[in-house]
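Observations on chain architecture
These are the residues of each chain, in order.
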Amino acid sequence: MAIHYLAPELIMTGVSLAVYVMVRKLLVGSPIEEVERKDSKHQNFPLLTSAGKYAALFLIMFSGIMRPSITSGIYFLVFMGAATAWALGRPLERGFAVISRCVMAIMGVHIAVLLVYQCSWLIEIYPPDMDMARYFGLTKLVIINSTNSSTSFTYEVTEDHMWATLASPLVILFAYFFLAIESRELFKPKAKKKSALTGVEAGKVNGSLLRGVSFHRASRYAPRDKWRNATKKVRVAYSYINSQALRGDTGETTPLISTISPSKRWSSVRSGSVSRPLHQDSTGSVVVPDEESVLEVEEPTLMDDILSAVVDFFQVLVRSSYIATTITMMAWSIMFHSWLTFVFLMWANIVWLCQDQRSFMLKTSPVLVLYAMLLLIAQYIYGMNLYEYELPSNITEVNLRQIGLGRVDGEPCVPLLIKSLFTCMFWVTLRQRVQEIRQRRQSAAVTDMAAPLQLTVSTAASVLEAEREDENRSRLLRALGEWLRAMCARYWIYVVVIMLFVIGVTGDRMTIFRIIYMFLFLGFILMFQISWYWWRRLMYIFWITVIIYSMINLILIYVYQFDNFSKMIETYLMINERLQHDLGLDTYHPADLFVKLLTPTLFLIITIMQVHYFHKDFMELSDPKTISNSIVREAGSSRPSQVQSTMKDDLPALPDEEEREIQGPNSPSDTEVEQSMATSSIHTAARRSMHRKPSRSRSYAPTITERGSIKFRPWLAANFNKMRELLLQWTDKAFIFLDIHLIKILFISLMLLCVFNVCAMHVPIMILISPALLLSSRKQRFCILIISTLISVYLMAKMVYQIEYIKHSFFDVNCTMEGENSTINTTTYNNAEWIGFYKATREKPLVVLLKGYIALIAMFTFYSLVMYRQQTHRDLGVLPHMKEKLMFPEVTRKDADRDLIHYIKYLFNYGFYKFGVEITLICLMGVIGSRMDLYAVIYSGWLLALVSLRRKPLANLWPAFTGLITLLVPLQYMIAVGFMPQFCIQYPWRGDDQQMKHVRTWLFLPYTAEPPHAAKLIFDFFLLMFASRQLKVFRIEKAQGDNYPGGSNSEDIGQDWETPNFVNPVPDFLCYVGSWLDVIKRMVFLGMLWVTLAIMFMTGTNRVNLFSMGYLIGSFIFLWQGTDFYLRPKEAILQWWSWLVRYNVCVVVIKAVLQIPGCMFSRVMQEHACWLVQLLGIGCVDKFAGGNIAQFLKMHYDKDTACSVPQEDIGLAWDGVCFAFLILQRRLFHSYYFYRVIDESKATTVLASRGAELIEELRQKQMMIQEEQEIKILEKIKVKMERIKANQKKIQGAMSKEPVHHDAARVRPPYKPPASHQKAVRSGDYYMFDEFDDFDVHLKEEESSTDEDEPKEMGIGKLLSTAIKTDVRRAVSLRRASMPALRTSRRASLPAHPMSYQMRPHSSRADGTQDEEDITMRERPGPSSELDDYAPLPENETWMDKLKGLLDTVSAFISSILVSLTRHLMKYSRNYRYVSRTLSIEKKILKEKEGFGIGIREGSQMIWEPLPDSLIHHKDITTLEEQDDSMFKQDKSPLVHLGYALWYAVLAHTDIVCYIMVFINQIQSATILSIPLPLMVFLWGTLTIPRPTKTFWVTLIAYTEVIVLIKSMFQFEILPWNQKAIPANMPFTAPRIIGIERKYNYALYDLLLLLIIFLHRFMLKSLGLWKESSPEVELQEDRDYPLTAEDTQMLVEGRGAEVGRKYVQMHERIGPANGSSSNGVLATNDTSNLPQLEERHDEPGPSKEPDEYGVNDDEEPIITVNTTLEDTYQHYPNVILLSIKRYLSPTQRFFQRMLAPGARVTADVYAYMFLCDFFNFLVVIFGFAAFGTHQGDGGVQAYFEENKVPIPFLVMLILQFALIIIDRALYLRKFMLGKILFQYALIIGVHIWMFFVLPFITERTFNTLLPPPMWYMVKSVYLLLSAYQIRCGYPRRIIGNFLCKSYNFLNMICFRGFMAVPFLFELRTLMDWIWTDTSMTLMDWLKMEDIFASVFLLKVYRAIYIFI
């Protein structure tokens, strides 16, 4: 078996030796061997070799500890010896290599022995249990099992050994090979570098002693030999020093070399050969330049700098190893608990308490290393496989395990590994000690060398300074160190304090130790809050106290774990174990001990770090008087603060420290020698900076791949600095905001703490914070300090209460009470819980119990921090010292109207000052609505009183109101707390029935079992806070008045507002929109009234009770008046609005009072007065009962009782919202801005009909343009026909000419006139069109529009065209160039009409200069010349350039799409914008007139009417005043322009929006009440020419309001049909079909419809289209007409009656003086036959006496026509007929205008109408199931699958198709009367079918499924288009396909789709031929259409070709 086991190893060994010998012989004498020998003389990879030494050392350690034994102990001893030698400064070089070879030999023997020992016969002879086998580590690793075959066996790993034993041979084997490789490299010497220096300097290229040394000669003209001699001496001295003091290889043993920056060492390795010449400067000093001044062959890369930074970082860690050593000692002690490791704990504590920790640790490091090595050896021995009798764990009664001598459970290598790694830190510290000793020797040697060489002291100083410079690390590490130090100095204290708090508050069980920690924490925090000065003074003492206490705590817990220690304490200190546990002393399992000791140990460490390393820095940072204060630093420079630190010797020096080191000695008190040293140091540093190494500055040449980073870094740095500055600014503003408002947040937090944790201990807090709101800020801070102390005491008390010694059940109280049926009930209460003490449980741990206190303490601390910071800023002048704290002190009332930013700043400063009363009253309303109890009734009375008063009496009453709330809040809280349960008070209102609960809730009575809800006090406290702030505002108003910077709050403004002396101080934001602030003002002051009335409407419709009717009626009254409400007197406006507010408040008061019967007598009311309950909405509201807070909007019906009212109908949610808007609108009425709104309404009244005139002028011009275009087209056609005829007549003469456009060889026959129509049709030829162009395509440019409001940038079409012609980059550049420099550039004058309607005059100059110039401009190359202006793109682009280019391209395409969309939308609002701008300018001119606003107020309503003079305005304005009224033109964002276009597109067509809303309302309602609305729209409004009249809109408004009132009256649940739900399959139930069914949000769409109609009315008024030019019925103006000679003769003949009748008829025909009809269209009465009469401009009125007319007989005779009113009863039979005729005359005129072929701006919308019909055709096909009787039958598809077609489906399709054909026929025939009749029939038929027939057939309501509403909506759009066609009339030329109107790609695709549909082309052609008057046959017509189709496709192809 042994042969089988060892044979493979023996064979492989022999084969390996044979192969090695053969290869070696083959390579003897070859050139490869020579090269190999030459290369193997030196180390190839010195860096890896150096790292490999430490790896080998650790491998030896692993080999020793894996299986402790005598053999492995050799490895472990070698490891400890080598490590100790390294720590003592010995190099790990050749000597270490020799030792490694020896260890290798032992390892080889060890492996061989282990291998051989696995043989079965050896194991049987000497088993592993034998003593020597155990001592030397001979173990049985595998079990060799023989199989049936004698030639094979298997291995089985033994189960009695652990993994370390099995892995030990592998580790040893790996270490063997690694040591072989490493020792071979260590035997090689290091490669030498060629250098100009000789001797020892050749090996010290990096020698720091040569750096910066200057040798001053004794004389300026000394011989050069002396210099050479001195240099030689210096070199010899250096050689002596390095050979005697350093010993060994300089690269490893020299301290100077070891302290050199690795970056220099690493760069020197890469630099190759270096030449270092000597230079002599002008002062006679010879400078020995260092390696920095030598030109290096290879520059270091970024990776070199990173590696050097990493190495430097590790060197810093090594240099700071004493910190890690101390921490390691503590970790060792807590990980391995014993008396021996307790020495480490005490040792570490002593180190922490020392002043100079580093020095003490370095001095004691030898003893520490020796002690640790002894522990390692002891641990190693106990880790060997020894029996108990060989190495006992207990000696007599002494437990050696607790001493530290004992076997470990598990693998022995684990503790050995951990302890060995800990010891490594001790060795590092010892090495630092040795290095310091050698450095001191070196410094002494340099000092001794200076005198004999005649060197000044400055030379030695330069050497020392150079040595310090060598210790400087890389820039990266230095910057990181500075940042880390600054951060730690600032924020490490937070870590310590938080850790202190966490230790105190966390844990499984409360102990005295934790309480003391919390006491220290609270004391620290309280001192910080009380005094910054004393906090800083006592901070060091506090830290020392914490450290000492933590050490004592740690030591006690550590020592308590030893045996019998608790009994010793009980014996000697008389403290039993229970109290010991309460103190915090407890024994833990060894596995848990480390975790228990880790927390106090870590806290001790971080606290000591704060004291020793960051305390001094923090004290200087926090000192306001120091120059390095952070505030001064931020003001003076952006460099982080650098202060002295105790870690000066451990971390790199900061720049300020370096400057102090250089500049410090050079002081006036210094000696000459010291000044010389300083001067030399400065010179040396200056020379060094001049010859800086490239590796320090990173100024290497950039590569192509790094070019992006070169441009990216400055961009990133600039943006980072901007963001940093912005962040600092916002931070300052945030602190100012907190300085002002944080105190209020604290009071609110305290209130929330008290409310959500009701107990007796919080009563003092509530008593303090209520009056504190009325105090000044200084007194409030004092209250906060008192409360903070109380909170701290409460927190400590609650923590003490958690001690197990205190029992919670001790405070239980049993109260016996008598029940309802004389039963005795016993209830248990707890006095401690009443006070506020609870025991922590698993469900509610201590942190949960204390979370409120913890949050408040944190907030108090933060508040103090903010206060200290802001006070420091004020003391340093960064913030102004002001009595009143403001966020933006530079902003006053005068700055509020500048822009939006200043207005927001003003609101931050004085928002509550301006709106404090309104905010307080809204909060008061919230209190009433949330409580609904007795106090709500009291508050509602106050609300009614406060609302009714003006501001001055309100200010007098306000202190009483505030005082009452101040008393009520703490009083209510004390009621909520109640009396102590100890007294067992029996209240009269006790009881568990629901009625008594309501009584207790409404009266807010105390009750121990169910205390009142203290959460109600949240709203009361907010009310108190707002009231107290407003009280301060009233004091300010009384003290300062109008001189306050926030402005005046006086209500007595504008007393003379209708006099010429009135001057409005605020700018006019309605005539001039210059900023977003003006836009917001317009939205608020013009829209707030409508929003308020809408909210009032919603308040009425969302509440079903009697009070809702008042809201609805009030909203309708004000909605009906609209902006005419502003024409009333100011006092009337306020009075009317006050009645609304009072009604709202009265409703609130009544609802609050109705809680008395609702809560106390609910049963009686529901049983005997159900109708009253339903009518008034009586019920009991308790929003805090079980969190059942009423929903705000959604109605939820409570059906538990037969007569109940939903809680939403009882509450005040909507009433409160309505009150808020009402009160805010009232505040707007008291502002100067409101006078601007009044002026706007007056100007609108003056220009009431001006818009109609402008619209008529535009219409006339559009008609003229259309007429001219038609004339031109007809003339062109005539010219073409005449040319064709002329060519035909000249055929005979033209036969001899050569043809131009066709084959010349073709012989033309002689011309003969055609004999028939067919011959005439076929007689055409090419020669007839010789003079015409073959191609005529007019491409419309996007940029050809002349609308000044449209954006001028390049659109998407032009951009794509340019991109296709050139490239994307050029197109983007051209688009950027096309953008205007300033959007506000406007023309010098504004034309009277839109540019698109202006006719271009055909003017020509005689000299033709202008034409030549135009031709030159047209012939100038376009895009090519523009492209030439741009330089070629760069060849090599960086990634930043590519990214920027990509973003620019994407942005350009998106912007172009937006621009094109904006242009398209602008076309739809051109007329509106023209009229609006014209009226705006006229309003501005009107307002600037002197005396504007002075008018006449007559009648009871006192409506303002303008004076007659103000009605005269210019109607022919050709040039208007220039104004920049559009802020959007200043904004270059395409999104803003698109929004601008969308907004104006909507405003220009608000009538269409109204119509669509009517259709949506009808779809949602589908009732008899709502169907008149769409019928009025279709039958009346849309067909009125030229636009719907005022009567139509008034009727629409009135009917909608009537609908709402009817619906609201039938919403009460007492109605029988509202008591049960109506089934869904009953559409014709009376309430449902009529529209009075009760449902949720029944009037929502009616409200939306009303608002949109009122918006349209406002737009009509603002555009001057609302008021008619003259009323329909008015008294005719008295007139005088001159008599003709014939009339005079008739008078002489006595025929005066005939003359009078003649002139009366003439007077009636002329009509009113202005001659305009009711709808704004100029009157067209024919007055040409009337005599030319001279009109006297007398004022209209009743008839005057004859003598008043001043008739003179000598003058021309005249006749006067007077109009008088007569009694209608005198003409009773005739007056009926006259009345009927009068009221039917508008209807007659309505139809006459539709049928009249008068002048109209024609339009052609048939294509859109056809699309609507086609879409409805598809809806019918795919949604037929919704039009049938079945819902889930699968639709038409199922019928097709069954191979059958339903009859209704077929009928609907045929009907739909017939409608399309009829419409096409009417369109082609231009039959207007038929179109009108078809329109009316279609309207009536559609509505009857959809809303009556369809629900009857389907048994569903109209809107149950989607297809019917969709069909109706599309059909409504069709009817709108059809009505528009009727109003505009048909165009003259309508033949042709609408797809062929333009030649683009989209039209071509649609046309091909049209042609692809089978028979569609032929069907359209057939219809066109049928209904078109033509002499062509059907086949000829088809051929013509085919030719047109081919020509269209050719034109499209040519257009696309030209485009590309």
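Quantities reported herein were computed from a predicted structural model and do not represent experimental measurements.

Remarks on the overall build of the protein
A count of helices and strands for the protein gives 76 helices and 13 strands. Sorting the 2004 residues of the protein into buried and exposed places 46% on the buried side. If you take every contact in the protein between residues at least 6 apart in sequence, the share linking residues at least 24 apart comes to 77%. For the protein, the exposed surface amounts to about 105000 Å²; the carbon and sulfur share of it is 64%.

Thoughts on unusual backbone geometry
Glycine aside, the phi torsion of most residues is negative, and most peptide linkages are trans. Omega for the peptide link from I1585 to P1586 comes to 0°, which places this bond in the cis form. Here P1586 is to be found in the loop between α62 (1572–1581) and α63 (1590–1609). Although it is not a glycine, M932 sits at a positive phi angle of roughly 50°. Along the chain, the position of M932 falls in the loop between α37 (900–931) and α38 (934–948). In this structure M932 comes out as buried when scored by relative accessible area, which is 1%.

A look at the packing of aromatic side chains
Counted according to the given criterion, the structure contains 87 aromatic pairs. One aromatic cluster is present, formed by F524, F528, W532, W535, F542, W543, F618 and Y868 through successive ring pairs. Seen from the ring of W1136, R1128 lies directly overhead, with NZ or CZ sitting 4.3 Å from the centre. Against the face of W1139 rests R1142, its NZ or CZ located 5.3 Å from the ring centre.

What about the packing of helix α21 (residues 512–530) against helix α23 (residues 539–560)?
Their axes nearest at 12 Å, the elements α21 and α23 cross at an angle of 170°. Relative to α23, the element α21 lies roughly antiparallel. Of the residues in α23, those touching α21 at I512, F513, I516, Y517, L520 and F524 are M539, F542, W543, V546, Y549, S550, N553 and L556. Its residues assigned to classes, the contact of α21 with α23 comprises 12 nonpolar, two polar and no charged.

A few points about a nonpolar patch on the surface
There is a patch of nonpolar side chains on the surface, built from I11, V15, V19, V23, L26 and L27 and spanning about 560 Å² of accessible area. Residue position: L27 is located in the loop between α1 (2–26) and α2 (31–39). L27 gets classed as partly exposed once you look at its relative accessible area, which sits at 40%.

Focus on the confidence of the model for the protein
Confidence along the protein averages 75 in pLDDT terms, with 72% of residues attaining 70 or more. Contacts from residues 193–298, a stretch scored under 50 in pLDDT, to residues over four places away or in other chains number 176 contacts. This model gives residues 1294–1308 a pLDDT under 50, and the stretch forms 14 contacts once residues within four places in sequence are excluded.

Side note on the packing of helix α32 (residues 763–772) against helix α33 (residues 777–801)
Relative orientation and spacing of two packed helices are given, respectively, by the angle between their axes and the distance between those axes. In contact at an axis separation of 10 Å, α32 and α33 are set at 170° when each is read in the N-to-C sense. Accordingly, the angle class assigned to the pair α32 and α33 is roughly antiparallel. The handedness of the crossing between α32 and α33 is left-handed. Of the residues in α33, those in contact with P764, I765, L768, I769 and A772 of α32 are Q780, C783, I786, I787, L790, I791 and Y794. For the contact of α32 with α33, the class distribution of residues is 11 nonpolar, one polar and no charged.

Considerations on the state of the cysteines
Applying the stated rule across the entire model yields two disulfides. A sulfur-sulfur separation of 1.9 Å characterises the disulfide bridge that pairs C815 with C984. The S-S bond linking C815 to C984 shows a torsion near -75°; that makes this disulfide left-handed. With a gap of 169 residues between them, C815 in strand β8 (residues 812–818) and C984 in the loop between α39 (951–977) and α40 (994–1003) connect regions that are remote in the sequence. On the basis of relative accessibility, which here comes to 25%, the residue C984 falls in the partly exposed class. Here C1159 is linked by a disulfide to C1180, with a sulfur-sulfur distance of 2.1 Å. One disulfide, between C1159 and C1180, carries an S-S torsion of 90° and so falls in the right-handed class.

Here we look at the environment of V1805
By the element assignment, V1805 lies in the loop between α68 (1772–1795) and α69 (1806–1822). Look at V1805 and you get buried, because its relative accessible area is 9%. Here the alpha-carbon distance between V1805 and Y1918, two residues 113 residues apart in the chain, equals 9.9 Å. If we skip the residues at most four places from it in the chain, V1805 touches L1921, Y1924 and Q1925.

A word on the pattern of salt bridges
Pairing of side chains with opposite charge becomes possible as their charged atoms draw close. Applying the stated criterion across every chain, the model contains 34 salt bridges. A salt bridge links K997 to E1010; the shortest N-O distance between them is 3.9 Å. Of this pair, K997 sits in helix α40 while E1010 sits in the loop between α40 and α41 (1017–1040); the two residues are 13 residues apart in sequence, bridging distant segments of the chain. Residue K997 is classed as partly exposed on the basis of its relative accessible area, which comes to 27%. Here the salt bridges share partners, and the residues they tie into one network are R931, D933, K1016 and D1020.

Examining the pairing of strand β11 (residues 1503–1506)
The two faces of β11 differ: W1504 and P1506 on one face are buried, but I1503 and E1505 on the other face are not. When strand β10 (residues 1495–1498) meets β11, the two strands line up antiparallel, connected through four bridges. Across the sheet, residue E1498 finds its bridge partner in β11, namely I1503. The loop that links β10 with its antiparallel partner β11 comprises four residues; one of these, G1499, has a positive phi angle of about 85°.

Concerning the environment of I1614
Along the chain, I1614 turns up in the loop between α63 and α64 (1630–1634). On the basis of relative accessibility, which here comes to 41%, the residue I1614 falls in the partly exposed class. Along the chain, I1614 and Q1174 lie 440 residues apart, while their C-alpha atoms are 6.9 Å from each other. In contact with I1614, not counting residues within four places along its chain, are W1171, Q1174 and Q1619.

A short note on α63
With 20 residues, α63 extends 29 Å from end C-alpha to end C-alpha; this agrees with the ideal 28 Å at 1.5 Å per step. Of the residues making up α63, those classed as buried are F1592, W1593, L1596, I1597, T1600, E1601, I1603, V1604, K1607 and S1608. Each buried residue of α63 lies within a common arc of 165° when the element is viewed along its axis, so the set occupies one face. Where α63 is buried, its residues contact α42 (1076–1101), α43 (1106–1121), α61 (1550–1565), α62 and α65 (1644–1662).

Thresholds, definitions, all that
Residues numbered from 1 in each chain as written. Predicted model: local features only at pLDDT ≥ 70, side-chain atom pairs only at ≥ 80, totals over all residues. Heavy atoms only, no water. Helix = DSSP H or I, 4+ residues; strand = E, 2+ residues; numbered from the N terminus. Buried < 20%, exposed > 50% of the residue type's maximum accessible area, 1.4 Å probe, protein only. Contact = heavy atoms within 4.5 Å. Areas by Shrake-Rupley, 256 points an atom, 1.4 Å probe, with all protein chains shown as cover. Phe/Tyr/Trp six-rings, centres within 6.5 Å; stacked < 30°, edge-to-face > 60°. Lys NZ or Arg CZ within 6 Å of the ring centre and 35° of its normal. Axes fitted to C-alpha atoms, helices over the stretch in contact; angles between N-to-C directions. Parallel < 35°, antiparallel > 145°, perpendicular 65-115°, else oblique. Nonpolar A, V, L, I, M, F, W, Y, C, P; charged D, E, K, R; others polar. Patch = residues over 30% accessible without salt bridge, like charges linked within 9 Å, V, L, I, M, F, W, Y side chains within 5 Å. Salt bridge = Lys/Arg side-chain N within 4 Å of Asp/Glu carboxyl O. pLDDT = per-residue confidence, 0-100. Left-handed = near helix turned anticlockwise from the far one by under 90°. Disulfide = S-S within 2.5 Å. Pairing = 2+ DSSP bridges. Expected span 1.5 Å × (residues − 1). Arc of directions from axis to C-beta.

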